[in-house]
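In case you want the letters, here they are:
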Amino acid sequence: MSEQNKGQSIEEKQYLVRFNADTKSHLHVKDTDICMTKCPDKICTIFCPAEIYKWEDIRMHIGYEGCHECGSCRIGCPHQNIKWEYPKGGHGIVFRLG
Amino acid sequence: MSEKFDCIVVGAGPAGISCAFELAKGGANVLLIERGEYPGSKNVMGGVLYRKMMEDIIPDFYKEAPLERPIVEQRFMMMDKESAITVGYKGMEWGKEPYNNFTVLRAKFDQWFADKAVEQGAILVNETVVLECIVENGKVIGVRTDRPNGDVYADVVVLADGVNSLLAQSLGFHKEYKPDEVALATMEILKLDKKIIEDRFNLENNQGCTIELFGDATKGILGTGFLYTNKDSLSIGVGTLLSGLIKHKIKPYELLEYVKNHPMIRPYIQGSEPQEYLAHLIPEGGYKSMGKIVGDGVIVIGDASQLVNAIHREGSNLAMTSGRLAAETILLAKEADDFSENMLKMYRTKLMEGFVGQDMKKYKDSTHHFNKFPQYFDQYIPMINKAASQMFTVDGTSKWEKQKKIIKDIGSTREKMKIARDVYKAWKVMK
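Rules used in this analysis
- Residues numbered from 1 in each chain as written.
- Chains lettered and ligands numbered in written order.
- Predicted model: local features only at pLDDT ≥ 70, side-chain atom pairs only at ≥ 80, totals over all residues.
- Heavy atoms only, no water.
- Helix = DSSP H or I, 4+ residues; strand = E, 2+ residues; numbered from the N terminus.
- Buried < 20%, exposed > 50% of the residue type's maximum accessible area, 1.4 Å probe, protein only.
- Contact = heavy atoms within 4.5 Å.
- Areas by Shrake-Rupley, 256 points an atom, 1.4 Å probe, with all protein chains shown as cover.
- Lys, Arg positive; Asp, Glu negative; His and termini not counted.
- Charge placed at Lys NZ, Arg CZ, Asp CG, Glu CD.
- Axes fitted to C-alpha atoms, helices over the stretch in contact; angles between N-to-C directions.
- Parallel < 35°, antiparallel > 145°, perpendicular 65-115°, else oblique.
- Left-handed = near helix turned anticlockwise from the far one by under 90°.
- Nonpolar A, V, L, I, M, F, W, Y, C, P; charged D, E, K, R; others polar.
- Polar contact = N/O pair within 3.5 Å; in protein donor to acceptor, adjacent residues only side chain to side chain.
- Expected span 1.5 Å × (residues − 1).
- Arc of directions from axis to C-beta.
- pLDDT = per-residue confidence, 0-100.
- Salt bridge = Lys/Arg side-chain N within 4 Å of Asp/Glu carboxyl O.
- Buried area = accessible area lost by both parts, 1.4 Å probe.

> Please explain the overall build of chain A as it appears in this structure.
Looking only at helices and strands, chain A has four helices and six strands in total. Sequence-ordered secondary structure for chain A, helices as α and strands as β, is α-β-β-α-α-β-β-α-β-β. The C-alpha extent of chain A, read off along each of the three principal axes, is 40 × 40 × 20 Å. By the burial criterion, 57% of the 98 residues in chain A qualify as buried. Counting contacts in chain A only where the partners sit at least 6 residues apart, residues at least 24 apart contribute 66% of the total.

> Help me out: how do you make sense of the overall build of chain B in this one?
Each helix and strand counted, chain B has 16 helices and 17 strands in total. Projected onto the principal axes, the alpha-carbon positions of chain B cover approximately 80 × 50 × 35 Å. The 431 residues of chain B split such that 56% are buried. Taking as baseline every contact in chain B between residues at least 6 positions apart, the subset at least 24 positions apart corresponds to 72%. As displayed, chain B offers around 17900 Å² of accessible surface, 53% of which is attributable to carbon and sulfur atoms. Between the averaged position of the 56 positive side-chain charges in chain B and that of its 58 negative side-chain charges there is a distance of 9 Å.

> Just to check I follow, could you spell out the packing of helix α14 (residues 375-392) of chain B against helix α16 (residues 413-430) of chain B for this structure?
For any two helices packed against each other, one specifies the inter-axial angle together with the distance between the axes. All names here are of chain B. With their axes 13 Å apart at the nearest point, α14 and α16 run at an angle of 120° to one another. On the basis of the axis angle, α14 is oblique to α16. The chirality of how α14 crosses α16 is left-handed. Each of Gln375, Tyr376, Tyr380 and Met383 in α14 lies in contact with α16, whose residues at this interface are Lys418, Ile419, Asp422, Val423, Lys425 and Ala426. Residue composition of the contact of α14 with α16, grouped by class: six nonpolar, one polar and three charged.

> Hey, could you run me through the packing of helix α9 (residues 316-336) of chain B against helix α12 (residues 355-362) of chain B in this one?
Residues and elements named next belong to chain B. One way to put it is that α9 packs onto α12 with a least axis distance of 10 Å and a crossing angle of 135°. On the basis of their axis angle, the class for α9 and α12 is oblique. Taken together, the residues of α12 that come into contact with α9 (itself represented by Asn317, Leu318 and Thr321) are Phe355, Val356 and Met360. Residues of the contact of α9 with α12, tallied by class, amount to four nonpolar, two polar and no charged.

> Looking at this structure, I do not really get the side chain of B:His174. What am I missing?
Residues and elements named next belong to chain B. Within the secondary structure, His174 is located in the loop between α4 (166-170) and β11 (182-191). When its relative accessible area of 10% is taken as the criterion, His174 is described as buried. Reaching out from His174, the side chain makes a polar contact with the side chain of Tyr177 at a distance of 3.4 Å. When neighbours within four sequence positions are excluded, His174 is seen to be in contact with Ser165, Ala168, Gln169, Gly291 and Ala304.

> It is not clear to me how α16(B) should be interpreted in this structure. Could you clarify?
Count 3.6 residues to each turn of an α-helix, and residues three or four apart come out pointing the same way. All names here are of chain B. Across its 18 residues, α16 extends 26 Å between first and last C-alpha, which sits within 8% of the 26 Å expected from 1.5 Å per residue. Within the sequence span of α16, burial applies to Ile419, Asp422, Ala426 and Val429. Taken down its axis, α16 places every buried residue within 95° of arc, on the same side. Turned more than 90 degrees away from the buried face of α16, the exposed residues are Thr413, Arg414 and Trp427. Elements in contact with the buried residues of α16: α12, α13 (366-372), α14 and α15 (399-410).

> Can you walk me through the confidence of the model for chain A in this structure?
Regions with low pLDDT carry predicted coordinates that are not meant to be interpreted in detail. Averaged over every residue, the pLDDT of chain A is 93; residues scoring 70 or more account for 94%. Note on residues 1-5 of chain A: pLDDT under 50 across the span, and six contacts to partners over four residues away in sequence or across chains.

> In this structure, what is going on with the pattern of salt bridges? I would like to understand it.
Any two side chains of opposite charge can pair if their charged atoms end up close together. Scanning the model with the defined rule gives 42 salt bridges over all chains in all. Among the salt bridges present, the one from A:Lys13 reaches B:Glu188, with a minimum N-O distance of 2.3 Å. Pair noted here: A:Lys13 is in helix α1 (residues 10-14) and B:Glu188 is in strand β11, and the two residues belong to different chains. For B:Glu188, a relative accessible area of 0% puts it in the buried group. A salt bridge links B:Glu257 to B:Lys260; the shortest N-O distance between them is 3.1 Å. Residue B:Glu257 and its partner B:Lys260 are located together in helix α7 (residues 252-260), separated by three residues, close to a single helical turn. Taken as a pair, B:Glu257 and B:Lys260 share a single burial class, namely buried. In the salt-bridge network here, residues are joined through shared partners; they are B:Lys52, B:Asp56, B:Arg324, B:Glu328 and B:Lys350.

> Quick question: what am I supposed to make of unusual backbone geometry here?
In terms of backbone geometry, most residues other than glycine have negative phi values and most peptide bonds are trans. The omega torsion of the bond from B:Glu97 to B:Pro98 falls at 5°, within 30 degrees of zero and hence cis. For A:Glu69, which is not glycine, the phi torsion reads 60° and is therefore positive. For A:Glu69, the location among the structural elements is in the loop between β4 (59-62) and α4 (72-76). A residue is classified by how much of its surface remains accessible, and A:Glu69, at 3% relative accessible area, is buried. The phi angle at B:Gln306 is positive, at roughly 70°, despite the residue not being glycine. Tracing the backbone shows B:Gln306 in the loop between β17 (298-300) and α9. Note on B:Gln306: relative accessible area 0%, which makes it buried.

> Which parts of the structure should I look at to understand the interface of chain A and chain B?
Put simply, an interface is often sized by how much accessible area is lost when its parts join up. At the junction of the two partners, chain A supplies 41 residues and chain B supplies 54 residues. Summing the contributions of chain A and of chain B, the shared interface buries around 4000 Å²; its carbon and sulfur component is 55%. At the boundary of chain A with chain B, the tally comes to nine salt bridges. A salt bridge links B:Lys251 to A:Glu51, with the nearest nitrogen and oxygen atoms 3.6 Å apart. One can count 29 residue pairs in polar contact (both at pLDDT 80 or more) joining chain A with chain B. Of all the elements in the fold, those that place two or more residues in the side of chain A that touches chain B are α1, β1 (18-20), α3 (44-47), α4 and β6 (92-94) of chain A. With four residues, α4(A) is the single largest residue contributor to the side of chain A that touches chain B. The class makeup of the residues in the side of chain A that touches chain B is 17 nonpolar, 16 polar and eight charged.

Written as C-alpha cells, this is what we have:
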C-alpha cells in the first residue's frame, strides 16, 4: 500500500482542530455499573467521531477535551447512560473554517 | 444582566441570525445569544448555501458576503467498490447573477451574517450558554444563562439552538431523538491549490462543483458522501444515520478515510492537505419527527425544529426561512401586544403552507423507507454498476447476449418482481 492509503488516524484528525477545553467535563456517565455489566458492545467507543470514549479495564474514560459536541453519545447510548451538557460558554470546540 | 428585551434568540446559526436580523430591522429590541467564541465556531454543514432564501433577508448579499464558489455543476455518483455511474447537470446560468447556490465555509460566513444583524441593531452576546428557559404560569418569559446574574427576560424567546435542542426538549416540545432520526456526518476541509481544483473539476475561474456520493461511499449504509469545491480548498464528508453506524459497528472517521481513499475519489483530492476535521449531527427524522414548535412566549426554528430536507441536502435555507417567518410573526405579535401561543401559531401556519412545510411533507416517508429497505444502497447500486460494466466492455459478445446475461444475473422472476416493486415504492415515497 502506498503511503497515502494508510489513511489518517483519529489522533491526526483531532490535531487539526482547535479546542478551548474547560477544566471540568461536560460529559458524565450516569451509572458506571451499567457500562460494566449491561453494555458488552460499548458502542460509544465506536461511533463517537472524536473517539473520546475509551474503555479502560473497569471504567469508561471520557476525554471530553476533544469533544465535537455533536450529541451522538447522548442519542446513541443504548442505555441513555450519558449526561450530556454544553460546555461552559466560550469553551469546547472552536471551528475555524467549517 | 437582568434586562428585558422584546425578543431573545438562542443560537447564532443561519436560523437564529435570520430571525434576529429581521426582528432588529423591524424595530424590535433583540438579544442574540451564542454559546461559541463567535458565531459559526460551533456550526458545521457540508457547505452549500442557497441564494434565494438568503436573498429574502439580505438582497444582493453575494456582492459582499464571504462566499467560496457559485455552483455551476451538480454531480451524483452511484458508487460500487471500484466503479461509479455518474450523472450531473452543468449550467452556465448558475454561474451568473442571481446564481443558484454557493459553497461557503460556515465559520467565516456566520460571523459576517451575524455582523449584519448587529448592524441592524441586534445585540450579540457570545460565549454564553442558555441553561434553561424561565417559565412562569406556563409561559416562557426569559432565559437563564451561565453568566453570573445571568437571567434575561423577553416577551418572546426564539429557540435556534440546533440539532441538540436541549431547550425545546426541556419544554417538552419533543422527545429525545432516536438514533434513526439523526445522521452523524464527519467532514474535512482539504487545502488545495485553486488552479488544481479548477483543472480537476473542469471549472473556469470562480466556478464551483458539487458531487454527491451514494452507495459504496457509505459502505451501503443509508447516507451520502459529498465532495464540494471551495476557493482553495475542498470539503469532503460522509454522513449516515447514527443507527446505521451502530448496527454495522463502523467508526465514522474510518468511513471518511474510506471515502477519501476510494479509487473514484482519491484522484480529486490527491496532494491536498487536511486543514480541519469536523463532526456534527443532522436532524433527519423529517416531518414525522417535528415536535411542537410554538408555545406561549416561545418559537422553535431551524435544526431545533428538525427542518432538514435530507433528500435534497437542504437545511440552512429552511432554517433561514423559518427564522424570517418567526420574526414576521413576532413583529405582528408585538403590534398586538399578544405573545400567546394562539397568536404565535401564525408562524407554524406560514411555515407549513410555504415551501418548507410542503417539502417536509413531500418527503415525510422517504428516509424511513430507505432505512427500512437497505437494498437500494447495498444491492441495487452495485447491480447497475455491474450492468454498465458488462454493457460497455467490448469483448466480442453481442449486445443482445450481454443484455440477456445482465437480465439473467438479476435473478429469478420473483427477484425481478421484487426489484420492480422496490422501484415503484421508491417512486411513491419520492413523488
